[in-house]
Amino acid sequence: MSAQTGGESLLAPRNLAAFLLVSLIWGGTWLVIRDQISSVPPSWSITWRFIVAALGMFVLAKLRGEPLGLPREGWRWALALGLFQFSLNFSFVYNAEKFITSGLVAVMFALLVVPNAVLGRFVLGQPIRREFVLGSSIAAVGVAMLFAQEYRASPATLGEVLTGAVLTVGGILAASAANIVQAMDGAKRQPLLTLLAWSMVVGVVLNTGFALATQGPPQFDSRPEYALGILYLGLAGSVITFPLYYGLVRKVGAGTAAYSSVIVPIVAMVLSTLFEGFVWGPLPAAGAAITLAGMVVAMRGRAAPPPRRATPEP
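Residues numbered from 1 in each chain as written. Predicted model: local features only at pLDDT ≥ 70, side-chain atom pairs only at ≥ 80, totals over all residues. Heavy atoms only, no water.

How would you sum up the pattern of salt bridges? Please name residues and give values.
Inspection of the entire model under this criterion finds 3 salt bridges. For Arg189, the salt bridge identified is with Glu73, shortest N-O distance 3.2 Å. With a gap of 116 residues between them, Arg189 in the loop between helix 8 (185-188) and helix 9 (192-215) and Glu73 in the loop between helix 2 (42-63) and helix 3 (74-96) connect regions that are remote in the sequence. Assessed through its relative accessible area of 44%, Arg189 is described here as partly exposed. A salt bridge links Arg223 to Asp221, with the nearest nitrogen and oxygen atoms 2.7 Å apart. Note on Asp221: relative accessible area 11%, which makes it buried. (Salt bridge = Lys/Arg side-chain N within 4 Å of Asp/Glu carboxyl O. Helix = DSSP H or I, 4+ residues; strand = E, 2+ residues; numbered from the N terminus. Buried < 20%, exposed > 50% of the residue type's maximum accessible area, 1.4 Å probe, protein only.)

Explain the environment of Leu235 residue by residue, including any values.
Structurally, Leu235 can be placed in helix 10 (residues 224-252). Spatially, the C-alpha atoms of Leu235 and Leu55 are 9.4 Å apart, while their sequence positions differ by 180 residues. Beyond its immediate stretch of four places on either side in the chain, Leu235 contacts Val52 and Ile240. (Contact = heavy atoms within 4.5 Å.)

Can you explain the packing of aromatic side chains? Please cite residues and give values.
This structure, assessed with the given rule, holds 14 aromatic pairs. Judged by centre distance (5.1 Å) and plane angle (80 degrees), the rings of Phe58 and Trp198 are edge-to-face. Note that Phe58 is positioned in helix 2 and Trp198 in helix 9, a separation of 140 residues in sequence. For Phe58, a relative accessible area of 18% gives the class buried. Taken together, the ring pairs connect Trp26, Phe50, Phe86, Phe90, Tyr94, Phe242, Tyr245 and Tyr246 into an aromatic cluster. (Phe/Tyr/Trp six-rings, centres within 6.5 Å; stacked < 30°, edge-to-face > 60°.)

Describe the confidence of the model for the chain, with residues and values.
Any residue range with low pLDDT should be treated as having predicted coordinates unsuitable for detailed reading. Residues at a pLDDT of 70 or more form 87% of the chain, whose mean pLDDT is 83. Under a pLDDT of 50 for its full length, residues 1-6 has, in the predicted model, 30 contacts with residues more than four places off or in other chains. (pLDDT = per-residue confidence, 0-100.)

Quick one: what's the story with the environment of Ala187, residue by residue and with numbers?
Tracing the sequence through the fold places Ala187 in helix 8. Remark: the alpha-carbon pair of Ala187 and Trp77, spanning 110 residues in sequence, is separated by 6.0 Å. Non-local contacts of Ala187, meaning those with residues more than four positions away in its chain, are made with Trp77, Val181, Gln182, Leu195 and Arg250.

How would you explain the side chain of Arg49 if you had to name every residue and give the values?
With respect to the element layout, Arg49 can be found in helix 2. For the buried Arg49, no salt bridge exists, and the shortest N-O distance to an oppositely charged side chain is 8.4 Å, to Glu97. Among all residues touching Arg49, those that are not within four sequence positions of it are Ile33, Phe90, Tyr94, Ile230, Leu233, Gly234, Gly237 and Ser238. (Lys, Arg positive; Asp, Glu negative; His and termini not counted.)

Outline the nonpolar core, listing residues and values.
Note that soluble globular proteins tend to have their nonpolar side chains buried in a common cluster. Core analysis: the biggest nonpolar cluster contains 73 residues, and Trp30, Phe50, Phe147, Met200, Phe242, Tyr245 and Tyr246 have the highest contact counts within it. The element that contributes the greatest number of residues to this core is helix 3, accounting for 9 residues. Sequence-distant contacts of Phe50, that is, excluding residues within four places in its chain, are made with Phe86, Phe90, Met200, Val204 and Ser238. Of all hydrophobic cores here, the second largest spans 7 residues; its members include Trp48, Ala211, Tyr226 and Ile230. (Core = buried A, V, L, I, M, F, W, Y, C linked by side-chain atoms within 4.5 Å.)

Here it is in structure tokens:
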């Protein structure tokens, strides 16, 4: 298998509009997830979300004239995306929010560009520049400052805070693997909406099996807020955003699409302040600023695209 980066500019009006919409919607999903896991085990909440999302994606594929079935080659890509993006990634993230605030999880996800670049180096052949190493190091200092504040201000124990951090790192790695898979030539040859719909079905099967094994029979919260949250996460947070985001991955490359990881935590931290009682002070403010500044530096030097090939290799 081979892969290549996208050839379009992120600043093209259509790409920029998709980028901003994805960033704003995903910035708001973190807080909704927090409410979802307050009454229903994370694995069941993820299952309900992607049942709604898969159905919505099939409808969208039909409306856009894409086939509802995948070719034989497409199934390996659907299985990979279903495992990494719609099962492992969300399992790690939902469980992380049981231990640390949603805003802090979102800030950590700003580091998504790091494994994207590292995997891009080995899988996509993208060299990493010196600025990337410098910026990533700066961002790591900022994240450490935020975790110091989380430990000082939260009733959670150090072990719980560290557990949240480890789970978040797991989610970042899984999301990065999915990003790289989607940027590869074989995945690009699949109809995007159809691939996403079946990947979500794979995610539903995996999440349901895990939920049955670890949490027992299906669980659902009858509160209207919970049902509305499922609809928001399934439709706005998945059906609208994933086609736009993975469309950007295909057009501008996985690393460039991950620039959204700078905007998403800003939105998430504002909402965390308003609704979760996150308290700003000199340490967390400096930590957030350093993290985001480091990510800007890192992304400017993330990678130089490899030479484009006239025809993809099989």
